[in-house]
Protein chains: 2
Amino acid sequence: MQITSRFTIAVHIITALDYFKDRDRVNSEFLAGSVGVNPVIVRTVIGKLREAGLVHTLKGSSGAELAKPLDQITFYDIYKAVDSVNEDEGLFHFHEQPNTECPVGRNIHKAMDGRLAAIQNAMEEEMKRITLADVVDDTKAAILGEEK
Amino acid sequence: MQITSRFTIAVHIITALDYFKDRDRVNSEFLAGSVGVNPVIVRTVIGKLREAGLVHTLKGSSGAELAKPLDQITFYDIYKAVDSVNEDEGLFHFHEQPNTECPVGRNIHKAMDGRLAAIQNAMEEEMKRITLADVVDDTKAAILGEEK
DNA sequence: GATAGTTGTAATATATCACGTTACAGCATT
DNA sequence: AATGCTGTAACGTGATATATTACAACTATC
């Protein structure tokens, strides 16, 4: 399994919104051209970012504006915004019908739950350490590095 | 998205193999009854564990024997054994066609790759800290705790 | 050594989900 | 008023996870 590409698409979009912020007509079609997906995908991802309070948009009007400075938007914020993992059930899909008439089946869930949560937490804590400023800075540096 | 239930099924199976090790007829049907899935699923999961060198089995003969002590089998070992995440592409599904004619599209991948790997690594390191002995101990303790 | 039990694995079915695509109402811009 | 854009619904499609049937090859037991 893999975490949905909506996550990397969202990071790509925010990076592009910053990079092209002084250019006009940064609409969903333009962004879709950069990301390489359908414009509807871009609009739905931006919709999720808006719901999460990360960007502001105006219906009928091009583009989107970041709601916070880049260094205050973390990978974790985006990961939550685009529903990367099931909110209710968590990162791990537990088999759904362990047999309650078996002592192991009856107790394995509670023996594992805390540890599965710890693993997911370790991942999420690492995501909180990474900001969009990090990615934008590195992207810009890579672009400058191309010119030789 | 979620990590396949084959992971928790594998942990359940190993726990049951230990718990019921002195009982005969611990075949795939018995295990399937405890886990709550089809016996063929049990046999394929055990097959993955065998390929990874975690258990020994004998074709035509019931059950499986652990190849290592429980405290030397980590969640990470099982996670790798059952192919929980795509080996080649990693935990994150990167959108596949960023536009190479766009400076952002051309550079976003390398600006993100190292950070995505760090997140996956944080998760995997946490998995290496948890052993099957931990889960088996807690499961047995929970079973004993029931008796009152 | 014949019989019954079991594994390993292929083949097929089904459900779910990610992503693509079309369509269009409603709002903004000119 | 005309044009462009967003937000969102609806539907299509391919990939994947899990279930299920079937059976050859092997083991255990009598």
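Here the structure is shown first, and the text comes after it.
Residues numbered from 1 in each chain as written. Chains lettered and ligands numbered in written order. Predicted model: local features only at pLDDT ≥ 70, side-chain atom pairs only at ≥ 80, totals over all residues. Heavy atoms only, no water.

## So, the side chain of B:Thr74
All names here are of chain B. Relative to the elements of secondary structure, Thr 74 occurs in the loop between strand S2 (61-66) and helix H4 (75-81). Since its relative accessible area comes to 13%, Thr 74 is described here as buried. In contact with Thr 74, other than residues within four places in its own chain, are Met 127, Lys 128, Ile 130, Thr 131 and Leu 132. (Helix = DSSP H or I, 4+ residues; strand = E, 2+ residues; numbered from the N terminus. Buried < 20%, exposed > 50% of the residue type's maximum accessible area, 1.4 Å probe, protein only. Contact = heavy atoms within 4.5 Å.)

## As for the layout of surface pockets
All names here are of chain B. In this structure, the largest pocket occupies an estimated 290 Å³ of space. Arg 43, Thr 57, Leu 58, Ser 61 and Gly 63 are, among the 16 residues lining the largest pocket, the residues nearest its centre. Of all elements in the fold, only helix H2 (28-35), helix H3 (39-51), strand S1 (55-58) and S2 reach the threshold of two or more residues within the lining of the largest pocket. The element best represented in the lining of the largest pocket is H3, accounting for 5 residues. By residue class, the composition of the lining of the largest pocket is 5 nonpolar, 8 polar and 3 charged. (1 Å grid on protein atoms, 1.4 Å probe; cavity = no way out; pocket = protein on both sides within 12 Å on 5 of 7 lines; lining within 4 Å. Points joined across faces, edges and corners; volume = space filled by probe spheres on them. Nonpolar A, V, L, I, M, F, W, Y, C, P; charged D, E, K, R; others polar.)

## Looking at the protein's contact with DNA strand D
Close to DNA strand D lie 25 residues, the nearest being A:Ser28, A:Thr57, B:Thr4, B:Ser5 and B:Lys59. If you look at DNA strand D and keep only atoms within 4 Å of the protein, 66% of those are sugar or phosphate atoms. Those elements giving two or more residues to the surface near DNA strand D turn out to be helix H3 (39-51) and strand S2 (61-66) of chain A together with H3 of chain B. The element contributing the most residues to the surface near DNA strand D is H3(A), with 4 residues. (Near = heavy atom within 4 Å.)

## Brief notes about the packing of aromatic side chains
Aromatic ring pairs are reported here in terms of the distance separating the ring centres and the angle at which the planes meet. Residues and elements named next belong to chain A. By the definition in use, this model includes 10 aromatic pairs over all chains. For the pair Phe 20 and Phe 30, a centre-to-centre distance of 5.0 Å together with 90° between the ring planes defines the contact as edge-to-face. Taken as a pair, Phe 20 in the loop between helix H1 (6-19) and helix H2 (28-35) and Phe 30 in helix H2 lie far apart in primary sequence, 10 residues in all. The ring centre of Tyr 76 lies 4.7 Å from the NZ or CZ of Lys 128, which sits over that ring. (Phe/Tyr/Trp six-rings, centres within 6.5 Å; stacked < 30°, edge-to-face > 60°. Lys NZ or Arg CZ within 6 Å of the ring centre and 35° of its normal.)

## Re the packing of helix H1 (residues 6-19) of chain B against H2(B)
Residue and element names in this part refer to chain B. Close contact between H1 and H2 brings their axes to 10 Å; oriented N to C, the two are set at 120°. The orientation of H1 relative to H2 falls into the category oblique. Handedness of the crossing formed by H1 with H2: right-handed. Where H1 approaches H2, its residues Ile 9, His 12, Ile 13, Ala 16 and Leu 17 are matched on the opposing element by Leu 31, Ser 34 and Val 35. The class makeup of the residues in the contact of H1 with H2 is 6 nonpolar, 2 polar and no charged. (Axes fitted to C-alpha atoms, helices over the stretch in contact; angles between N-to-C directions. Parallel < 35°, antiparallel > 145°, perpendicular 65-115°, else oblique. Left-handed = near helix turned anticlockwise from the far one by under 90°.)

## Overview of the interface of chain B and chain A
Between chain B and chain A, the contact holds 58 residues from the first and 58 residues from the second. Summing both sides of the interface, chain B and chain A together bury roughly 5100 Å²; the carbon and sulfur share of this comes to 67%. It is B:Met1, B:Gln2 and B:Arg115 that lose the most area in chain B upon contact with chain A, and together they represent 15% of the buried surface on that side. Seen at the junction of chain B and chain A, the total is 3 salt bridges. Among the ionic pairs, A:Asp138 bridges to B:Arg115, the shortest N-O distance being 2.9 Å. Along the contact surface separating chain B from chain A lie 20 residue pairs in polar contact (both at pLDDT 80 or more). Looking at the side of chain B that touches chain A, the elements that each hand over two or more residues are H1, H2, helix H5 (103-128) and helix H6 (132-146) of chain B. Tallied by class, residues from the side of chain B that touches chain A come to 31 nonpolar, 19 polar and 8 charged. (Buried area = accessible area lost by both parts, 1.4 Å probe. Salt bridge = Lys/Arg side-chain N within 4 Å of Asp/Glu carboxyl O. Polar contact = N/O pair within 3.5 Å; in protein donor to acceptor, adjacent residues only side chain to side chain.)

## Re the protein's contact with DNA strand C
The local shell around DNA strand C holds 26 residues, among which A:Thr4, A:Ser5, B:Arg25, B:Ser28 and B:Thr57 are the closest. When the atoms of DNA strand C within 4 Å of the protein are sorted by group, sugar and phosphate make up 64%. The separation between a phosphate oxygen of DNA strand C and a polar side-chain atom of B:Asn27 is 2.9 Å. One nitrogen or oxygen atom from the side chain of B:Thr57 is found 2.6 Å from a phosphate oxygen belonging to DNA strand C. With 4 residues, H3(B) is the largest single contributor of residues to the surface near DNA strand C. Its residues placed into classes, the surface near DNA strand C shows 6 nonpolar, 14 polar and 6 charged.

## Quick look at the relation of the copies chain B and chain A
In screw terms, the move from chain B to chain A is a rotation of 180° and a rise of 0.0 Å along the axis, fitting with an RMSD of 0.0 Å. What we have between these two chains is a two-fold relation. Proximity to the rotation axis, assessed at the C-alpha, singles out B:Met123 in chain B; its C-alpha lies 2.4 Å from the axis. A share of 100% of the interface residues of chain B reappears at the interface of chain A, consistent with the copies meeting face to face through the same patch. (Least-squares fit on C-alpha atoms with pLDDT ≥ 70 in both.)

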